[in-house]
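# Observations on the model geometry
These are the residues of each chain, in order.
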Amino acid sequence: MSHPLLWSVFTLAVLGVLALDLGVFHRRAHTVRAREAAIWCAVWIALAALFGVGIYVVNGRQPALEFTAGYLVEEALSVDNLFVFLLLFSYFRVPEQVRHRVLFWGILGALVMRGAMIALGAALLHRFHWIIYAFGAFLLFTGVRMVFGGGVEVEPEHNPVLRLVRKLVPVTSDFIGQHFFVRVKSPSGVRHTYATPLFVVLVLVETTDLVFAVDSIPAIFGVTRDPFIVYTSNVFAILGLRTLFFLLAGAMVRFHLLRFGLAGVLSFVGVKMLISATWSIPIGYSLLVIAGMLGAAIAASLLRPAPEDSDAI
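Description of the structure in this document. (Residues numbered from 1 in each chain as written. Predicted model: local features only at pLDDT ≥ 70, side-chain atom pairs only at ≥ 80, totals over all residues. Heavy atoms only, no water.)

### Quick word on the overall build of the protein
- Looking only at helices and strands, the protein has 11 helices and two strands in total.
- Starting at the N terminus, the α and β elements of the protein follow one another as α-α-α-α-α-α-β-β-α-α-α-α-α.
- Taken as a whole, the protein presents about 15,900 Å² of accessible surface, with 67% of it coming from carbon and sulfur. (Helix = DSSP H or I, 4+ residues; strand = E, 2+ residues; numbered from the N terminus. Areas by Shrake-Rupley, 256 points an atom, 1.4 Å probe, with all protein chains shown as cover.)

Take a look at the structure:
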């Protein structure tokens, strides 16, 4: 599925949907409520499902299952991103009505960065097959570290990216509407460009996604080696990330055991990659294992609520 026409049509369709999203449905800044978020979540999931059906009709069962498994892995791993986004918004006191704008541009940048990382990963795997074992070992190590490393910790005040941005660009003390940059007149009458705190948050959102992509991109290559399926499953997972944030923002701490499910998924995919030369696990079984681990972690989180003083996910 590497025909250039497929990539072009898919990319144009995604850009069209994003333009419609920001230019029509979210043209004016407003607080995204749970009902609106739920509707949009259903829309993005339905679009992903329709795309999976299209792959099944055109290319058959195997690629369709690979897309489904890849989408599920990417969507699950994005939960950690959501938790960090919530912490960043709380730390910088980002007004609720402009949070969608930050996530929109952040996810648009994530599509570009992940596309580049996927292209690089595919090229490396094609040229150096042994890298699959390096990816597998890395995912296995990440899964074990996730189990014993505790929850997600974010300390924006110690973030080197934050210090670099503030050093390179003057930043206003307050948010100014939904602007990332503003022109401010000095006492001498000269206008200077200032970044707003909204731009600082955007940069941190982008770098956060880049950090998490280091785990998720190798993980999806453990599910499928088809670059088109890798990219499209990533895109659909990222497109639904914004609405998933608004839908789960108040309930993410309830899924405190989900990290064990994510650790299990990463470890399983890592092992799958390490043994790929001698034993290939069918994609159908892989999908069942991944869905089972995530479902069990979510169910356990709901059946055994976290202590009230816990904020780990």
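### Structural notes on the pattern of salt bridges
- A complete count under the given rule lists one salt bridge for this structure.
- A salt bridge links R114 to E74; the shortest N-O distance between them is 3.1 Å. Taken together, the positions of R114 in helix α4 (residues 96-127) and E74 in helix α3 (residues 61-91) put the pair 40 residues apart, joining distant regions of the chain. An identical accessibility class is assigned to R114 and E74; each is buried. (Salt bridge = Lys/Arg side-chain N within 4 Å of Asp/Glu carboxyl O. Buried < 20%, exposed > 50% of the residue type's maximum accessible area, 1.4 Å probe, protein only.)

### Details of the side chain of E66
- Counting through the fold element by element, E66 comes out in helix α3.
- Buried within the structure, E66 lacks any salt-bridge partner; its nearest side chain of opposite charge belongs to K272, at an N-O separation of 7.5 Å.
- Separated by 2.8 Å, the side chains of E66 and T224 make a polar contact.
- With residues near it in sequence (within four places) discarded, E66 still touches V223, T224, I229 and I283. (Lys, Arg positive; Asp, Glu negative; His and termini not counted. Polar contact = N/O pair within 3.5 Å; in protein donor to acceptor, adjacent residues only side chain to side chain. Contact = heavy atoms within 4.5 Å.)

### Here we look at the packing of helix α6 (residues 160-168) against helix α7 (residues 197-221)
- In the contact formed by α6 and α7, the axes pass within 10 Å of each other and the chain directions differ by 145°. Along this stretch, α6 crosses α7, giving a crossing that reads as right-handed. Contact residues: V161, L162 and V165 in α6; F199, V200, V203, L204 and T207 in α7.
- Of the residues contributing to the contact of α6 with α7, the split by class is seven nonpolar, one polar and no charged. (Axes fitted to C-alpha atoms, helices over the stretch in contact; angles between N-to-C directions. Left-handed = near helix turned anticlockwise from the far one by under 90°. Nonpolar A, V, L, I, M, F, W, Y, C, P; charged D, E, K, R; others polar.)

### Comments concerning the nonpolar core
- Among the nonpolar cores identified, the biggest contains 90 residues, and F92, F221 and F245 are the most heavily contacted of them.
- If one sorts the elements of this core by residue count, α3 sits on top with 15 residues.
- Every residue in contact with F221, bar those within four places of it in the chain, is listed here: I118, G121, A122, L125, I132, V230 and M273. (Core = buried A, V, L, I, M, F, W, Y, C linked by side-chain atoms within 4.5 Å.)

### Observations concerning the packing of aromatic side chains
- In this structure the tally under the stated criterion is 14 aromatic pairs.
- Between F10 and F228, the aromatic rings sit 6.0 Å apart at their centres with planes inclined by 75°, giving edge-to-face as the arrangement. Pair noted here: F10 is in helix α1 (residues 4-25) and F228 is in helix α8 (residues 227-239), with a separation of 218 residues, a long-range link. The same class applies to F10 as to F228, namely buried. (Phe/Tyr/Trp six-rings, centres within 6.5 Å; stacked < 30°, edge-to-face > 60°.)

### A look at a nonpolar patch on the surface
- Taken together, the side chains of I39, V43, L47 and L50 present a nonpolar region at the surface, about 330 Å² in accessible area.
- Following the sequence through the fold, I39 ends up in helix α2 (residues 34-59).
- A relative accessible area of 44% places I39 in the partly exposed class. (Patch = residues over 30% accessible without salt bridge, like charges linked within 9 Å, V, L, I, M, F, W, Y side chains within 5 Å.)

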